[in-house]
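Single-letter residue listing:
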Amino acid sequence: TCPNGRQTALFSATMPPPIAKLAHDILDHPARIDIAPAKVAVERIDQRVFFVGTKEKRALLEGLLADRDMNRVLVFTRTKRGADRVCRNLVQAGMSAIALHGNKAQNARVRALDSFRGGHVRILVATDIAARGIDVPNISHVINYELPNEPESYVHRIGRTARAGASGIAVSLLTAEDVHDLVAIERLIGATIERHD
């Protein structure tokens with residue numbers, strides 16, 4: 001049991017509404033302290049948005065990844081099944097890819113990350129499990145195959161590139177249904193993301 005005079009602290013890299021509600025429900029008069037504004041985190045990242053039909057996403061992703069300047073790429077999907085599907089499609093297209101998500105056993109996740117970190121695999125397809133706490137140097141590009149559910153997660157995803165003073169490129173593949181989410185992201189980062197057709 002905890003003593004009556006204990007102090008409880010909750011730390012989170014982001015504060016999406018479900019986490020804020022949890023803090024409100026379990027903490028007594030919590031004080032919120034924000035340390036790093038999102039705008040600072042994305043300064044060195046060249047962000048681009050490509051609008052595409054759902055059926056054309058796969059071809060666009062494969063076309064982008066054909067560029068050999070994309071030498072270490074992190075591709076994000078919303079779901080574990082989506083990560084497996086995108087990874088399978090990339091491998092079928094002759095690309096070096098591996099999936100990382102929460103349904104993988106711990107040793108499989110470690111192997112996937114080690115393969116990506118060591119340069120044995122060029123493309124890591126992941127859910128948001130890889131957006132936080134993973135530090136892989138020299139990721140040249142982050143591709144959002146699907147936008148995350150929370151704008152704050154977008155900042156964490158693209159923050160996997162442009163580490164240690166380097167610059168990086170973040171590309172998001174959006175359908176017409178994603179416009180509302182894009183507006184929320186732009187409001188959070190305080191910038192308009194360059195659009196491409």
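Just above sits the structure.
Predicted, not measured: the structure shown is a model, and the values here were computed from it.

In this section: the overall build of the protein chain. Summing up its helical and strand segments, the protein chain has seven helices and seven strands in all. Listing each helix as α and each strand as β along the protein chain from the N terminus yields α-α-β-α-β-α-β-α-β-β-α-β-α-β. In terms of C-alpha radius of gyration, the protein chain reaches 18 Å, essentially the compact-globule figure of 16 Å for 197 residues. When the backbone C-alpha atoms are referred to their principal axes, the protein chain occupies close to 60 × 40 × 35 Å. The buried share of the protein chain, taken over its 197 residues, is 42%. Counting only contacts in the protein chain whose residues sit at least 6 apart along the sequence, the fraction spanning at least 24 positions is 74%.

What follows deals with the sheet that holds strand 4 (residues 123-126). On the basis of which strands lie adjacent, the open sheet formed by seven strands has the order 3-4-2-5-6-1-7 and parallel pairing. This sheet does not close on itself; its edge strands, each paired only once, are strand 3 (97-100) and strand 7 (194-196). Each adjacent strand pair in this sheet contributes to an overall mean axis angle of 20°, direction not counted. Inspection of the sheet shows strand 2 (residues 73-76) paired to strand 4 by four bridges, in the parallel sense. Residue pairing for strand 4: Leu74 is matched across the bridge by Leu124.

Attention now goes to empty space enclosed by the protein. Evaluation of the coordinates by the stated rule reveals two cavities of 30 Å³ or more. Of the voids in this model, the largest cavity is the one considered here, and its volume is about 40 Å³. Residue lining of the largest cavity: Arg58, Leu61, Glu62, Val86, Asn89, Leu90 and Tyr145, and that is the complete set. Across the lining of the largest cavity, the residue classes tally to four nonpolar, one polar and two charged. In this structure, the second largest cavity encloses a volume near 30 Å³. The wall of the second largest cavity is formed by Leu74, Leu113, Phe116, Leu124, Ala130, Ile134, Val136, Ile139 and Arg160. Of the residues contributing to the lining of the second largest cavity, the split by class is eight nonpolar, no polar and one charged.

In total, this model carries seven salt bridges according to the counting rule given. Linking Asp181 and Arg78 is a salt bridge whose minimum nitrogen-to-oxygen distance equals 3.3 Å. Of this pair, Asp181 sits in helix 7 (residues 179-189) while Arg78 sits in the loop between strand 2 and helix 4 (80-92); the two residues are 103 residues apart in sequence, bridging distant segments of the chain. Accessibility expressed as a relative area gives 36% for Arg78, which makes it partly exposed. Here Asp114 makes a salt bridge to Arg117, at a shortest N to O gap of 3.7 Å.

By the definition in use, this model includes zero aromatic pairs. Positioned above the aromatic ring of Tyr145, the side-chain terminus of Lys57 is 5.1 Å from the ring centre.

This part takes up the pairing of strand 4. The alternating pattern of strand 4 places Ile123 and Val125 on one face and Leu124 and Ala126 on the opposite face, and all of these are buried. Of the pairings in the sheet, the one linking strand 3 to strand 4 comprises four bridges and is parallel in character. By the bridge assignment for strand 4, Ala97 is matched with Ile123. Running through helix 5 (residues 106-117), the crossover from strand 3 to the neighbouring parallel element strand 4 is right-handed.

This part takes up the packing of helix 6 (residues 151-158) against helix 7. Closest axis-to-axis distance for the helix 6/helix 7 pair is 8 Å, and the angle between their directions is 70°. On the basis of their axis angle, the class for helix 6 and helix 7 is roughly perpendicular. Here Pro151, Glu152, Tyr154 and Val155 of helix 6 lie close against helix 7, whose contacting residues are Ala184, Ile185, Leu188 and Ile189.

About the cut-offs
- Residues numbered from 1 in each chain as written.
- Predicted model: local features only at pLDDT ≥ 70, side-chain atom pairs only at ≥ 80, totals over all residues.
- Heavy atoms only, no water.
- Helix = DSSP H or I, 4+ residues; strand = E, 2+ residues; numbered from the N terminus.
- Rg over C-alpha atoms; globule rule 2.2 N^0.38 Å.
- Buried < 20%, exposed > 50% of the residue type's maximum accessible area, 1.4 Å probe, protein only.
- Contact = heavy atoms within 4.5 Å.
- Pairing = 2+ DSSP bridges.
- Axes fitted to C-alpha atoms, helices over the stretch in contact; angles between N-to-C directions.
- 1 Å grid on protein atoms, 1.4 Å probe; cavity = no way out; pocket = protein on both sides within 12 Å on 5 of 7 lines; lining within 4 Å.
- Points joined across faces, edges and corners; volume = space filled by probe spheres on them.
- Nonpolar A, V, L, I, M, F, W, Y, C, P; charged D, E, K, R; others polar.
- Salt bridge = Lys/Arg side-chain N within 4 Å of Asp/Glu carboxyl O.
- Phe/Tyr/Trp six-rings, centres within 6.5 Å; stacked < 30°, edge-to-face > 60°.
- Lys NZ or Arg CZ within 6 Å of the ring centre and 35° of its normal.
- Right-handed = clockwise from strand over helix to strand, strands pointing away.
- Parallel < 35°, antiparallel > 145°, perpendicular 65-115°, else oblique.

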